[in-house]
Amino acid sequence: MAHFAYEARTEEGHLVSGVITAADLEEAGRKLSDSNHFIVKLGQSGTASAQPRARETTNHSPLKAKRRSVMWFINQLAIMVETGIPIGEALECLQRQSSEPALRQILASVSASVHEGRPLSDALENFPRSFPPVLTATVRASEASGTLSTVLSRTAEYMIKDEQTVRRLRSSLMYPLFMFLMCIAVTLFLMIVILPRFATIYASKGALLPAPTRALLAISGFMTSYALPVLMSVTLFGAAFHRFLKTRLGGRLRDEVQLRTPLIGDVFNKFFQGRSFRTMGMLIESGVPLSEVLELAQNMSSNSCYRRMWAAVEDGVTNGEHIATRMAEFKIIPESVVHMVDCGDRSGRLSIVLVRLATFIEDEYDSAIKTLCQFVEPLMIVLMGSIIGFVAISLLLPMFSAGTTLAK
């Protein structure tokens, strides 16, 4: 037997520490979970400090299965384990049933590792491009607590809801993007193809054209004469801007704009909040240590503002603070939501509160998307109508004075 130092939160939300005796690290974690402690740190006693549960380093494979195939695999594996089928047999069966070559190859490797005696979580961790850290963390926690079938079912449900949330965000942004690109395409067609023909007619008459028509013809002539330099300039500017967004400063500016833009910012904020809360609630329910939960929340956030917030929360929790203390400092999450998280943390019902908050925020997220679409559709129609209408009127203005222009 060995001694392990730990830091954990009780059901009441108090931070406690001590030393527990167990055969290994996994058994120590299981004992703490069984006593309703949320693990913050756990490590070998006598080291400099307790650390999150260690994992073996693995050689990561570049193989990647489709997300839908992974969701199918997790759901089917959960059903098989729940019915009492051994893990190795279930993996072999799913390998034969899989219609995707990449997933079959991955499951063959996972099955071989399990038959060699390695934990399922370690076998899945060899394929990070197919199995995200959230999945491997929950599987590892369930192996320690003996609740693999329950956690797999919960994880499959989480992955389905997460996929639906991401799909709704993409679909909400595709429409305005499509309309914007159509507007640019129609404008370029009018300026490069249609306008030069009218310019020839007007030039042959030698009449004084209205100011809007002259301005439009000048722009069209410039674009036609310098099409290649303009195209190269736009391409270089786009590449430089894209590279700037990849820098730390550019990324922070992009993320700030993403969250603060009217309507769109509301959609993104609710997307990041709902996704983070659902992930954290599911992980805590599965018995994953709180420090690892917060680390995973950082890694899965594509917005740097949320990554900084979760990093600060993790640092605060490590120093004995409640989870809501640092959240309130960033002003990203509404005060009422922070208050509910704090109440859940202090009462020892954090996972339940986070899951319910995620459900509530996701409903608001759907409403925000509908509002965005209702606003964007008329806005894009007005924008396209204004541009195309200006071009059409500029072309027709000389015809309204046919006696002085075309009749000469």
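Calculation rules
Residues numbered from 1 in each chain as written. Predicted model: local features only at pLDDT ≥ 70, side-chain atom pairs only at ≥ 80, totals over all residues. Heavy atoms only, no water. Helix = DSSP H or I, 4+ residues; strand = E, 2+ residues; numbered from the N terminus. Buried < 20%, exposed > 50% of the residue type's maximum accessible area, 1.4 Å probe, protein only. Contact = heavy atoms within 4.5 Å. Areas by Shrake-Rupley, 256 points an atom, 1.4 Å probe, with all protein chains shown as cover. Polar contact = N/O pair within 3.5 Å; in protein donor to acceptor, adjacent residues only side chain to side chain. Phe/Tyr/Trp six-rings, centres within 6.5 Å; stacked < 30°, edge-to-face > 60°. Axes fitted to C-alpha atoms, helices over the stretch in contact; angles between N-to-C directions. Parallel < 35°, antiparallel > 145°, perpendicular 65-115°, else oblique. Nonpolar A, V, L, I, M, F, W, Y, C, P; charged D, E, K, R; others polar. Salt bridge = Lys/Arg side-chain N within 4 Å of Asp/Glu carboxyl O. Left-handed = near helix turned anticlockwise from the far one by under 90°. Core = buried A, V, L, I, M, F, W, Y, C linked by side-chain atoms within 4.5 Å. Expected span 1.5 Å × (residues − 1). Arc of directions from axis to C-beta.

### Focus: the overall build of the chain
What the chain contains, in helices and strands, is 16 helices and three strands. Evaluated residue by residue, the chain yields a buried proportion of 44% over its 408 residues. Sequence-distant contacts in the chain: of pairs separated by 6 or more residues, those separated by 24 or more amount to 64%. Total accessible area on the chain is roughly 21,100 Å²; 61% of this is exposed by carbon and sulfur atoms.

### Quick notes on the environment of aspartate 266
As for its placement among the helices and strands, aspartate 266 is situated in helix α11 (residues 264-285). Taking the relative accessible area as the measure of exposure, aspartate 266 reaches 36% and is therefore partly exposed. Separated by 106 residues in the primary sequence, aspartate 266 and leucine 372 have C-alpha atoms spaced 9.2 Å apart. Setting aside residues no more than four positions away along its own chain, aspartate 266 makes contact with Thr261 and Ala368. Side-chain polar atoms of aspartate 266 contact the side chain of lysine 270, separated by 2.7 Å.

### Quick notes on the side chain of asparagine 303
Tracing the chain through its elements places asparagine 303 in the loop between α12 (290-300) and α13 (304-318). Of note is the side chain of asparagine 303, whose polar atom sits 2.9 Å from the backbone nitrogen of cysteine 305. Every residue in contact with asparagine 303, bar those within four places of it in the chain, is listed here: Asp255, Gln258, Leu259 and Phe272.

### Focus on the packing of aromatic side chains
What characterises a pair of aromatic rings is the spacing of the ring centres plus the angle enclosed by the ring planes. Across all of its chains, the model carries seven aromatic pairs by this definition. Judged by centre distance (6.2 Å) and plane angle (25°), the ring pair of phenylalanine 268 and phenylalanine 272 falls under stacked. Remark: phenylalanine 272 and phenylalanine 268 occur in helix α11; sequence separation between them is four residues, near one turn of the helix. Within the aromatic cluster, the residues linked to one another by ring pairs are Phe268, Phe271, Phe272, Tyr306 and Tyr365.

### Brief notes about the packing of helix α10 (residues 248-260) against α11
Where α10 contacts α11, the axes come no closer than 5 Å and their chain directions differ by 105°. Taken as axis vectors, α10 and α11 run roughly perpendicular relative to one another. On α11, the residues that touch Gln258, Leu259 and Arg260 of α10 are Ile264, Gly265, Phe268, Asn269 and Phe272. In the contact of α10 with α11, the residues fall into four nonpolar, three polar and one charged.

### Concerning the pattern of salt bridges
Here the structure, examined in full by the defined rule, presents 18 salt bridges. Between glutamate 157 and lysine 161 there is a salt bridge, with its nearest N and O atoms 3.3 Å apart. Of this pair, glutamate 157 and lysine 161 both sit in helix α7 (residues 148-205), separated by four residues, roughly a single helical turn. The partner of glutamate 256 in a salt bridge is arginine 308, with the nearest N and O atoms 3.8 Å apart. Taken together, the positions of glutamate 256 in helix α10 and arginine 308 in helix α13 put the pair 52 residues apart, joining distant regions of the chain. Residue glutamate 256 is classed as partly exposed on the basis of its relative accessible area of 26%. Under the relative-accessibility criterion, arginine 308 is labelled partly exposed at 30%.

### Regarding the environment of asparagine 269
Inspection of the secondary structure puts asparagine 269 in helix α11. It is 6.1 Å that separates the C-alpha atoms of asparagine 269 and leucine 259, two residues lying ten residues apart in sequence. Not counting the four nearest positions on each side in its chain, asparagine 269 is found in contact with Leu259, Tyr306 and Ile332. Side chain to side chain, asparagine 269 and tyrosine 306 meet in a polar contact 2.8 Å long.

### What to know about the packing of helix α3 (residues 87-97) against helix α4 (residues 101-115)
Interhelical geometry of α3 versus α4 gives an angle of 165° and a closest axis separation of 9 Å. One way to sum up the angle between α3 and α4 is to call them roughly antiparallel. At the point where α3 passes α4, the crossing takes the left-handed sense. Here α3 contributes Ile87, Gly88, Leu91, Glu92, Leu94 and Gln95 to the contact with α4, which in turn contributes Arg104, Leu107, Ala108, Val110, Ser111, Val114 and His115. For the contact of α3 with α4, the per-class residue count stands at seven nonpolar, four polar and two charged.

### Digging into the nonpolar core
Ranked by internal contacts, the top residues of the largest apolar core, which has 82 residues, are Phe73, Leu77, Leu120, Phe277 and Trp310. Here this core gets 13 residues from one element, more than from any other, and that element is helix α16 (residues 350-400). Those residues within four positions of tryptophan 310 in sequence are excluded, and the remaining contacts are Ser276, Phe277, Met280, Leu294, Ala297, Gln298, Ser301 and Met327. Of all hydrophobic cores here, the second largest spans nine residues; its members include Leu190, Leu209, Leu216 and Leu217.

### Observations concerning α4
A rise of 1.5 Å per residue sets the reference length of α4, with its 15 residues, at 21 Å; its end C-alpha atoms lie 21 Å apart and thus fit the reference within 8%. Along α4, the positions that sit buried rather than exposed are Ala102, Leu103, Ile106, Leu107, Val110, Ser111, Ser113 and Val114. All buried residues of α4 project into a common sector of 160° when viewed along the axis, lining one side. Against the buried residues of α4 lie α2 (67-82), α3 and α5 (120-125).

In short, geometric facts, not functional conclusions.
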